[in-house]
2 protein chains.
Amino acid sequence: MSQHRHPGVPGRAGAVPALPDLPEATVARLPEYLRALHNLADAGHETVSSEGLAGAAGVNSAKLRKDLSHLGSYGTRGVGYDVALLIDQIEFVLGLTQRRAVALVGVGNLGHALAGYAGFAGRGFRIAALFDADTSRVGEMINGLVVRHVDELPRVAAEEAISIGVIATPAPAAQAVAEQLVAVGVTSILNFAPCVLSVPDGVDVRKVDLAIELQILSFHEHRKASLTALPATGGSALTALPGGLTTPDTQEAIGT
Amino acid sequence: MSQHRHPGVPGRAGAVPALPDLPEATVARLPEYLRALHNLADAGHETVSSEGLAGAAGVNSAKLRKDLSHLGSYGTRGVGYDVALLIDQIEFVLGLTQRRAVALVGVGNLGHALAGYAGFAGRGFRIAALFDADTSRVGEMINGLVVRHVDELPRVAAEEAISIGVIATPAPAAQAVAEQLVAVGVTSILNFAPCVLSVPDGVDVRKVDLAIELQILSFHEHRKASLTALPATGGSALTALPGGLTTPDTQEAIGT
DNA sequence: AGGCGCTTGTGAAGACGTGCACAAATCGCG
DNA sequence: CGCGATTTGTGCACGTCTTCACAAGCGCCT
Ligand SMILES: NC(=O)c1ccc[n+]([C@@H]2O[C@H](COP(=O)([O-])OP(=O)(O)OC[C@H]3O[C@@H](n4cnc5c(N)ncnc54)[C@H](O)[C@@H]3O)[C@@H](O)[C@H]2O)c1
Ligand SMILES: NC(=O)c1ccc[n+]([C@@H]2O[C@H](COP(=O)([O-])OP(=O)(O)OC[C@H]3O[C@@H](n4cnc5c(N)ncnc54)[C@H](O)[C@@H]3O)[C@@H](O)[C@H]2O)c1
């Protein structure tokens, strides 16, 4: 965490472009830009200004320019950015030049939806294997893939070069599954189970918890309600007034 | 956006506890604490120290204490926090004292999984209505709820007091659905479609894009690979070495 | 060739979030 | 009743992120 960055590892005039270490906030936005760029490319645009791309990605244009400047500035002043070139750049930085293989563990309610989702292919990923512990599910075919028993993970991980593991099991099983994934060499995990995973250093975990998203929205609903209620009447009547916009203070577009 | 906050709207000694306006980062962590607290309560704990709760929620204990201090400090020095009391406090602040009604629009692949998920009830939410535009899906029963045509949204929104709208339609339909939701008074939206929504001020949107999560993980995979490859050999051979943990530099636990 | 309008890239300032370290408060026990 | 062990709440310093504002660069038009 509090590691100093080496004072003398700048350009490194070697052959490889030498990944600049981007701010984490920038990394989280690059995929957004990439999606917007693909839309623009499909619409026939060859170049785009920072203002235009920022609008399409839903961010401030200064922020976008600073983000892009971190990865080497492929824009032209007075003109904008070359869409195709920028797509290549971002895809390279994100490591999407070859399609990454994803292993999905837990083919239940949610796992089925993920396994059947066609949209991942266009974003750089290939669901390479499905696993479950329930023997009655093993053997089922989903979208051309067979569900295998989780015990086969080591063998399959060796065959396919698994890059990312996705956990969609119930929470009590998630920690054990994470350990199995780490044991076969997986160093990136996307966790849908509502629990914290502990993993060794060097393993990245990202978590998606839909209930948490709803609860954050609930907080803002609660706050909006208490703001409109109090200044108007004495504070007791809680009749929702779904017409007038609330205070122009307290803007939206909350933490992304 | 760049709204100043009024310099003189502090305690407001009114009857209502007067929601403190929490830092957004704190709001995003409260649900995590809440989940951990429920686990502790189920395990029979009556009190918990900041250290213990922080461990269960996967955060720094100082951060946890500061977060909790923002909502009024219900801890006892030398002892810790009363689990049941803290649960009540957080649920109140998050607006979960009464179960919030959620409307789900788009009952396809993903929408089915969400509609069938039993876990929302325990986290303060009730899926109150399902909508789809495909007439061949309308009428289908999922988990005791009937799928209605999206045209019925105004009528149903009036009956059930819809608090949050969830969009699980394809991206091209999402903006139109968002506008329909806003039109019936919904001011909080959770969007699963990979696109930006533009909504009026006063409406909160949160977005869940699974492909983005994978792409962020992909970036870190890419970086880890280029870090292990370069210092070892000259820099050309890119054979993945899935054994030794990478550099103890560049710690994990990336942006939550 | 020169000037003009447009757009990028970035310095600087401010807002925000984090984590250490410690004083203040509380409990239990002798 | 007092003392020590324990744990909260927070002041402070530091790092990260955001946003403004503008100089530098580019292309086009005359
Ligand atoms: N379905 C949703 O919409 C939704 C929403 C939010 C969160 N989640 C979370 O996602 C996870 C999955 O939800 P779900 O609705 O698909 O649950 P589910 O019960 O339908 O599916 C879980 C699957 O995991 C399998 N499994 C259990 N233990 C396993 C193990 N050790 N190894 C491999 N597979 C194992 C089960 O056999 C089952 O097929 C849960 O943690 C849930 O809380 C789901
Ligand atoms: N399935 C996944 O795992 C997954 C993963 C990531 C993202 N997503 C995104 O989630 C969204 C839904 O994915 P899906 O796989 O369920 O797609 P899907 O095509 O299976 O389902 C979409 C549903 O929305 C309905 N619909 C279309 N237009 C509508 C409208 N105007 N009003 C109401 N309903 C409408 C369709 O009839 C269909 O039932 C997509 O935007 C997708 O990109 C899904």
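Residues numbered from 1 in each chain as written. Chains lettered and ligands numbered in written order. Predicted model: local features only at pLDDT ≥ 70, side-chain atom pairs only at ≥ 80, totals over all residues. Heavy atoms only, no water.

Here the focus is the UniProt feature "binding site: NAD(+)" (unreviewed entry) in chain A. Residues annotated in UniProt with the feature "binding site: NAD(+)" (unreviewed entry) correspond here to Gly106, Val107, Gly108, Asn109, Leu110 and Gly111 of chain A. Along the chain, the position of Leu110 of chain A falls in helix 5 (residues 109-115). A relative accessible area of 21% means that Leu110 of chain A is categorised as partly exposed. Other than its neighbours up to four places away in sequence, Leu110 of chain A contacts Phe192 of chain A together with Leu110 and Ala113 of chain B. Tracing the sequence through the fold places Gly111 of chain A in helix 5. The residues touching Gly111 of chain A, leaving out its near neighbours within four places in the chain, are Leu104, Gly106 and Ala168 of chain A. (UniProt positions renumbered as here; feature names shortened; annotations may be inferred. Helix = DSSP H or I, 4+ residues; strand = E, 2+ residues; numbered from the N terminus. Buried < 20%, exposed > 50% of the residue type's maximum accessible area, 1.4 Å probe, protein only. Contact = heavy atoms within 4.5 Å.)

With that settled, consider the site of ligand 1. In the region of ligand 1, 23 residues are neighbours, and Asn109, Leu110, Asp132 and Thr169 of chain A together with Tyr117 of chain B sit closest. In this structure, ligand 1 sits where chains A and B come together, each supplying nearby residues. Arg137 of chain A is positioned with one of its side-chain polar atoms (N or O) 2.9 Å from an oxygen atom of ligand 1. Considered on its own, ligand 1 offers 820 Å² of accessible surface; in the complex 83% of this is hidden by protein. Among the secondary structure elements, those contributing two or more residues to the shell around ligand 1 are helix 5 and helix 7 (171-183) of chain A together with helix 5 (109-115) of chain B. By residue number, the principal contributor to the shell around ligand 1 is helix 7 of chain A, which donates three residues. Considered class by class, the residues forming the shell around ligand 1 number 16 nonpolar, four polar and three charged. (Near = heavy atom within 4 Å. Polar contact = N/O pair within 3.5 Å; in protein donor to acceptor, adjacent residues only side chain to side chain. Areas by Shrake-Rupley, 256 points an atom, 1.4 Å probe, with all protein chains shown as cover. Nonpolar A, V, L, I, M, F, W, Y, C, P; charged D, E, K, R; others polar.)

Residues and elements named next belong to chain A. The residue Asp82 is located in strand 3 (residues 80-82) in this model. Residue classification places Asp82 among the partly exposed residues on the basis of a relative accessible area of 36%. Between the C-alpha atoms of Asp82 and Ala41, which are 41 residues apart in sequence, the distance is 10.0 Å. Look past the residues within four positions of Asp82 in its chain and what remains in contact with it is Glu46, Thr47 and Tyr74. Within polar-contact distance, the side chain of Asp82 engages the backbone nitrogen of Ala84 at 3.1 Å.

All names here are of chain A. Of all the eight residues making up strand 5 (residues 125-132), seven are buried; the element is thus mostly covered by neighbouring parts of the structure. Pairing between strand 4 (residues 100-105) and strand 5: six bridges, direction parallel. Across the sheet, Ala103 pairs through a bridge with Ala129, a residue of strand 5. Each parallel crossover has a hand, and for strand 4 linked through helix 5 to strand 5 it is right-handed. Note that strand 5 and strand 7 (residues 145-149) share three bridges and pair parallel. Note that in strand 7 the partner of Leu130 across the bridge is Val147. (Pairing = 2+ DSSP bridges. Right-handed = clockwise from strand over helix to strand, strands pointing away.)

In this section: the sheet that holds strand 9 (residues 188-191) of chain B. Residues and elements named next belong to chain B. One open sheet holds the seven strands; their spatial order is 6-7-5-4-8-9-10, and the pairing between them is mixed. Only two strands of the sheet have a single neighbouring strand rather than two, namely strand 6 (141-142) and strand 10 (204-207). Sitting on the sheet, helix 7 (residues 171-183) touches strand 4 (100-105), strand 8 (162-167) and strand 9, and the angle it makes with strand 8 is about 175°. (Axes fitted to C-alpha atoms, helices over the stretch in contact; angles between N-to-C directions.)

Before going further, it helps to examine the pattern of salt bridges. Counted according to the given criterion, the structure contains 20 salt bridges over all chains. As a salt-bridge pair, Arg35 of chain A and Glu32 of chain A come within 2.6 Å of each other at their nearest N and O atoms. Of this pair, Arg35 of chain A and Glu32 of chain A both sit in helix 1 (residues 24-42), separated by three residues, roughly a single helical turn. For Arg35 of chain A, a relative accessible area of 8% puts it in the buried group. With its nearest N and O atoms 3.1 Å apart, the salt bridge here joins Lys224 of chain A to Asp204 of chain B. On the criterion of chain membership, the pair formed by Lys224 of chain A in helix 8 (residues 210-232) and Asp204 of chain B in strand 10 is interchain, its members lying in two chains. Under the relative-accessibility criterion, Lys224 of chain A is labelled buried at 9%. (Salt bridge = Lys/Arg side-chain N within 4 Å of Asp/Glu carboxyl O.)

Time to look at the protein's contact with DNA strand D. Around DNA strand D, the structure places 27 residues, and the nearest of them are Arg77 of chain A together with Ser50, Arg65, Ser73 and Tyr81 of chain B. Backbone atoms, meaning sugar plus phosphate, form 67% of the atoms of DNA strand D positioned within 4 Å of the protein. Within the backbone of Gly75 of chain B, an N or O atom sits 3.4 Å from a phosphate oxygen of DNA strand D. When residues of the surface near DNA strand D are traced back to their parent elements, those giving at least two are helix 1 and helix 3 (61-70) of chain A together with helix 3 (61-70), strand 2 (75-76) and strand 3 (80-82) of chain B. Of the residues contributing to the surface near DNA strand D, the split by class is six nonpolar, eleven polar and ten charged.

Bringing the domain arrangement of chain A into the picture now. The domains assigned to chain A are domain 1 (24-93), domain 2 (100-208) and domain 3 (211-231 + 240-255). A C-alpha centroid distance of 31 Å is found between domain 1 of chain A and domain 2 of chain A. (Domains from an automatic or database assignment.)

Here we come to the protein's contact with DNA strand C. Neighbouring DNA strand C are 25 residues, the closest being Ser50, Ser73 and Tyr81 of chain A together with Lys66 and Arg77 of chain B. Sugar and phosphate atoms represent 65% of those atoms of DNA strand C found within 4 Å of the protein. A distance of 2.4 Å separates a phosphate oxygen of DNA strand C from a polar atom in the backbone of Ser50 of chain A. Here a base oxygen of DNA strand C and a side-chain polar atom of Lys66 of chain B are 2.4 Å apart. Breaking the surface near DNA strand C down by element, the ones donating at least two residues are helix 3, strand 2 (75-76) and strand 3 of chain A together with helix 1 (24-42) and helix 3 of chain B. With four residues, helix 3 of chain B is the largest single contributor of residues to the surface near DNA strand C. Across the surface near DNA strand C, the residue classes break down as six nonpolar, eleven polar and eight charged.

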